[in-house]
Amino acid sequence: MKTPVIPQTYEQWYHCITVECGIALTRAFAEERLAVWSNPGADETRRFEQLYGKAHLARVRQWFAKALEQTPKQA
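All values reported here derive from a predicted model rather than from experimental measurement.

Draft legend 1. Structural view of the overall build of the chain. When you go through the chain residue by residue, the secondary structure sums to four helices and zero strands. A globule of 75 residues ought to have a C-alpha radius of gyration of about 11 Å, and the chain, at 12 Å, matches this closely. Expressed as lengths along the three principal axes of its C-alpha atoms, the size of the chain is roughly 35 × 30 × 15 Å. Taking all 75 residues of the chain together, 33% fall into the buried category. Across the chain, every contact between residues at least 6 apart in sequence was considered, and the portion connecting residues at least 24 apart equals 49%. In the structure as shown, the chain presents an accessible area of about 5000 Å², 55% of it carried by carbon and sulfur atoms. Distance between charge centroids for the chain: 3 Å, based on 10 positive and 8 negative side chains.

Rendered as structure tokens:
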């Protein structure tokens, strides 16, 4: 599956992150991304919003939250 440049669904986004980009979607990674993108004052968050818009930023936050829910907590 080749995803669009800007994924439109959770499945496309998950494939893009884990397969095409080769990033391990760990609990720590998801938590770190959510922390940054939940802070509207962070430079990275502002840049992301300028490039992709508020709606896509909200979708990506939802996708990271979903991934976090599906990632087991380590004992």
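Draft legend 2. Region of interest: the environment of A58. Along the chain, A58 turns up in helix α4 (residues 54–70). Sequence separation between A58 and W37 is 21 residues; the distance between their C-alpha atoms is 8.8 Å.

Draft legend 3. Seen up close, the pattern of salt bridges. Tallying each qualifying case throughout the model produces four salt bridges. Of the charged contacts in the structure, one is a salt bridge between E32 and R33, with a shortest N-O distance of 2.6 Å. A relative accessible area of 9% places R33 in the buried class. Between E44 and R33 there is a salt bridge, and its shortest N-O distance comes to 2.4 Å. Residue E44 is located in helix α3 (residues 43–52), and its partner R33 is located in helix α2 (residues 27–37); the two are separated by eleven residues in the primary sequence. What makes E44 partly exposed here is its relative accessible area of 31%. Several salt bridges converge on common partners, so that one network encompasses E32, R33 and E44.

Draft legend 4. Up close: the environment of E49. Structurally, E49 is set in helix α3. Among the residues examined, E49 registers a relative accessible area of 29% and is labelled partly exposed. Taking the C-alpha atoms as reference, E49 lies 23 Å from E20; in sequence the two are 29 residues apart.

Reading guide: rules and limits
- Residues numbered from 1 in each chain as written.
- Predicted model: local features only at pLDDT ≥ 70, side-chain atom pairs only at ≥ 80, totals over all residues.
- Heavy atoms only, no water.
- Helix = DSSP H or I, 4+ residues; strand = E, 2+ residues; numbered from the N terminus.
- Rg over C-alpha atoms; globule rule 2.2 N^0.38 Å.
- Buried < 20%, exposed > 50% of the residue type's maximum accessible area, 1.4 Å probe, protein only.
- Contact = heavy atoms within 4.5 Å.
- Areas by Shrake-Rupley, 256 points an atom, 1.4 Å probe, with all protein chains shown as cover.
- Lys, Arg positive; Asp, Glu negative; His and termini not counted.
- Charge placed at Lys NZ, Arg CZ, Asp CG, Glu CD.
- Salt bridge = Lys/Arg side-chain N within 4 Å of Asp/Glu carboxyl O.

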